[in-house]
Amino acid sequence: MALLPEVKKDYGRLKNYVNGEWVDSTSSKDLDVENPTTGATIGKVPMSTADETKAAIEAAQEAWEAWRETPPITRARIFFKLKELMEQNFEDIARIMVQEQGKTIDEARGETRRTIENVEVAAGIPSLMMGYNLEDGAAEGIDEDAVISPLGVFGCIAPFNFPAMIPYWFWPYAVATGNCYVMKSSSQVPLTQWNLFSLIDKAGFPPGVVNLVNGSREVSDTMMDHPYMKGISFVGSTPVAKYIYKKCGENGKRVQAQGGAKNSLVVMPDSVLNRTVSNMLASFYGCAGQRCLAGSNLVAVGDVAGSLLEKFVDASKRIKMGYGLDESVNMGPVVSAKAKTKVIDYIDGAEAAGAKILIDGRGAKIPGYEKGHFVGPTVIDGVTPDMKIAKEEIFGPVVSYLRMDTLDDAIDFIHKSPFGNAASIYTQSGKDARYFRHKVQCGNIGINIGVVAAMAYFPFAGYKDSFFGDMHGQGRDAISFFTDRKVVITRWF
Amino acid sequence: MAEYEFPECTSFGSVIRFALELEKATSAIYDDLAARPELASTKEPLKALADSHRKRSDILEHTRREKLNEMILEPIQDIDSSNYVIETEVPAGVDVAGAKEFAGKVELTSSRFYLDSSKTAKSLLAEAARILERMGKENEANKARLDAL
């Protein structure tokens, strides 16, 4: 099928957005932005300097006083305008994401919708940010109020797998509550945020309220060290999440750091197999397995193991790979050559450890896209809980198939993982589902759902090594993270 | 000569793309018929049918944008799109009876596509399934309108 048109072939060298203006970075170091499907270079992203990062933080700090005094309803109005602009540019947002990240157009459209939903929820800030009070709360004639106040400047260090949505778990809530913001997008996928900032530029935010700095670790470290920064939101791998949590803690900053995952999907003998298999395909192979909510371990409980495996393998073989701008494609490539090598190493390791590769995605070749970083759907049978492939995050379309005797065995297995991001059960038993949701120590639980992606008005949770911090992104947690409570006790003589 | 590309239906997006192609082709068929002097007696109803199919494209675009949700982005593996490809070139010189027969076949094929897709979509997106089902029934109603000409 013909491809949907690319928005542009080459986006040139990206600029930073600081104090309401597009500015060139003075850095002499650029990285190429690669289309992971075609291998073509589609832009250049500068590795901005510490001084450039400081300039953005200082612009945000300078804008803060006036912005926090802007009435919440006025702030909300700008978010309504931003939503309108995003709707008008919906398809371009999605297609640029496909170009730089490799996901399918359906996935990109779904992500664009979720990105907009966060703007919609943040636009409800006059209601979300209301404080509370108690007349005569302190004593007779003395009232007590809790006022919700913004804190200053916050920032986000964004990952590559959801170039549009993840920064929007954070910044709309920060800015709607009256803070100012500095964003560092992923240097692997900077085009989507660059494009979204062109809409932010038109929406009517005062200069300095929202800023974008392209770059890498130097930008992140400067954000975490700068005294004006009140807090950092991060999504990425567990080692980096730990580093950020520690560094922000040492510097007295708030932090929400989302780390890696190793999610198990548990299938009970009473599950509705056809629907279960279909739903699990989206979990294991969606975004080529590159999401922290992706299924990684498929755990069959009891005598369902044989029939489940047969159906799952058959359905996996029919996954269509290709360029995500072809609407009939189910799965695109992984994001880079390095990511592909890492995934293949895990499959090699499982094979060497004695597991059986039932479907092998290592040699995937897509005609016309020989330079693409494709790894095909891979199903590995005979995986045991002690194998590396059952324990570590792979971030690719690889399914480790495990067999357990009982639901308790499956839950014990889940609990042995250092991660606690998500787990799902497929069953028709309300009792088993309730037991699973109560027992399992993971932040996101699915009952007959393999991608447990919280909507904008719920927190994106995570336990154990999958999350470091107290309050999550999105929803009421986000409002709490970006604000503090100021208690006022009043008496009139 | 207009060209239409009917994709494999392997994803929600490709089902909607197939439907959009159907609508584009069908409205063009009615436009073509309405412009033919030999069919002047049926010009207005044929134009109305063309307009109604154009309007349906807007509904489909809206459905694609508003209803896609990553939790239910499951691959679709049970729709064989080759069963629903329509004939898009109206033969020259058809009379009213011939036009009714040609367009009627298009409407019935489309109806089958929408009703079958609706069954698949039901397990993914209930709202989208309702929209597809409604379109399938509209196709049946359009066929009845043609028969009454």
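Since this is a predicted model, take the numbers as computed values, not measurements.

Brief notes about the overall build of chain A
Regarding its fold elements, chain A presents 16 helices and 22 strands. In terms of C-alpha radius of gyration, chain A reaches 23 Å, essentially the compact-globule figure of 23 Å for 493 residues. Its C-alpha atoms give chain A principal-axis dimensions of about 80 × 60 × 40 Å. Partitioning the contacts of chain A with sequence separation of at least 6, the portion at a separation of at least 24 is 73%. Roughly 18700 Å² of accessible area belongs to chain A as shown, and the carbon and sulfur atoms make up 52% of that amount.

Comments concerning the side chain of Thr 10 of chain B
Structurally, Thr 10 of chain B can be placed in the segment before α1 (12–34). Discounting residues that sit within four places of it in the chain, Thr 10 of chain B has contacts with Ser 328, Val 329 and Asn 330 of chain A together with Pro 75 and Ile 76 of chain B.

Focus on unusual backbone geometry
Residues and elements named next belong to chain A. Positive phi is not limited to glycine here, since Phe 395 has a value of about 60°. For Phe 395, the location among the structural elements is in the loop between α13 (388–391) and β16 (398–404). For Lys 464, which is not glycine, the phi torsion reads 50° and is therefore positive. Mapped onto the fold, Lys 464 is located in strand β20 (residues 463–464).

Description of the packing of helix α2 (residues 43–67) of chain B against helix α4 (residues 126–147) of chain B
Residue and element names in this part refer to chain B. Here α2 crosses α4 at 175°, and the two axes come no closer than 11 Å. The pairing of α2 with α4 is recorded here as roughly antiparallel in orientation. For the pair α2 and α4, contact is made by Leu 46, Ala 48, Leu 49, Ser 52, His 53, Arg 56, Ile 59, Leu 60, Thr 63 and Lys 67 and by Glu 127, Ala 128, Ile 131, Leu 132, Arg 134, Met 135, Glu 138, Asn 139, Asn 142, Arg 145 and Leu 146, respectively. Here the residues of the contact of α2 with α4 are counted per class, giving 10 nonpolar, 5 polar and 6 charged.

A look at the nonpolar core
Side chains that are nonpolar tend, in soluble globular proteins, to be buried together. Core analysis: the largest hydrophobic core is formed by 156 residues, its most contacted members being Leu 82, Trp 171, Tyr 181, Phe 205, Leu 308 and Phe 312 of chain A. In terms of residue count, helix α1 (residues 50–69) of chain A provides more of this core than any other element does, 7 residues in total. Taken domain by domain, this core gets at least three of its residues from each of domain 1 (16–259 + 466–491) and domain 2 (263–447) of chain A. When neighbours within four sequence positions are excluded, Leu 82 of chain A is seen to be in contact with Val 119, Trp 171, Leu 199, Ile 200, Ala 203 and Phe 205 of chain A. The next biggest cluster of nonpolar side chains, apart from the first, holds 43 residues, and it includes Cys 9, Phe 113, Leu 125 and Ile 131 of chain B.

Focus on helix α14 (residues 407–416) of chain A
For α14 of chain A, the set of buried residues is Leu 407, Ala 410, Ile 411, Phe 413 and Ile 414 of chain A. Along the axis of α14 of chain A, the buried positions cluster into a sector of 155°, meaning they face one direction only.

Parameters at a glance
Residues numbered from 1 in each chain as written. Chains lettered and ligands numbered in written order. Predicted model: local features only at pLDDT ≥ 70, side-chain atom pairs only at ≥ 80, totals over all residues. Heavy atoms only, no water. Helix = DSSP H or I, 4+ residues; strand = E, 2+ residues; numbered from the N terminus. Rg over C-alpha atoms; globule rule 2.2 N^0.38 Å. Contact = heavy atoms within 4.5 Å. Areas by Shrake-Rupley, 256 points an atom, 1.4 Å probe, with all protein chains shown as cover. Axes fitted to C-alpha atoms, helices over the stretch in contact; angles between N-to-C directions. Parallel < 35°, antiparallel > 145°, perpendicular 65-115°, else oblique. Nonpolar A, V, L, I, M, F, W, Y, C, P; charged D, E, K, R; others polar. Core = buried A, V, L, I, M, F, W, Y, C linked by side-chain atoms within 4.5 Å. Buried < 20%, exposed > 50% of the residue type's maximum accessible area, 1.4 Å probe, protein only. Domains from an automatic or database assignment. Arc of directions from axis to C-beta.

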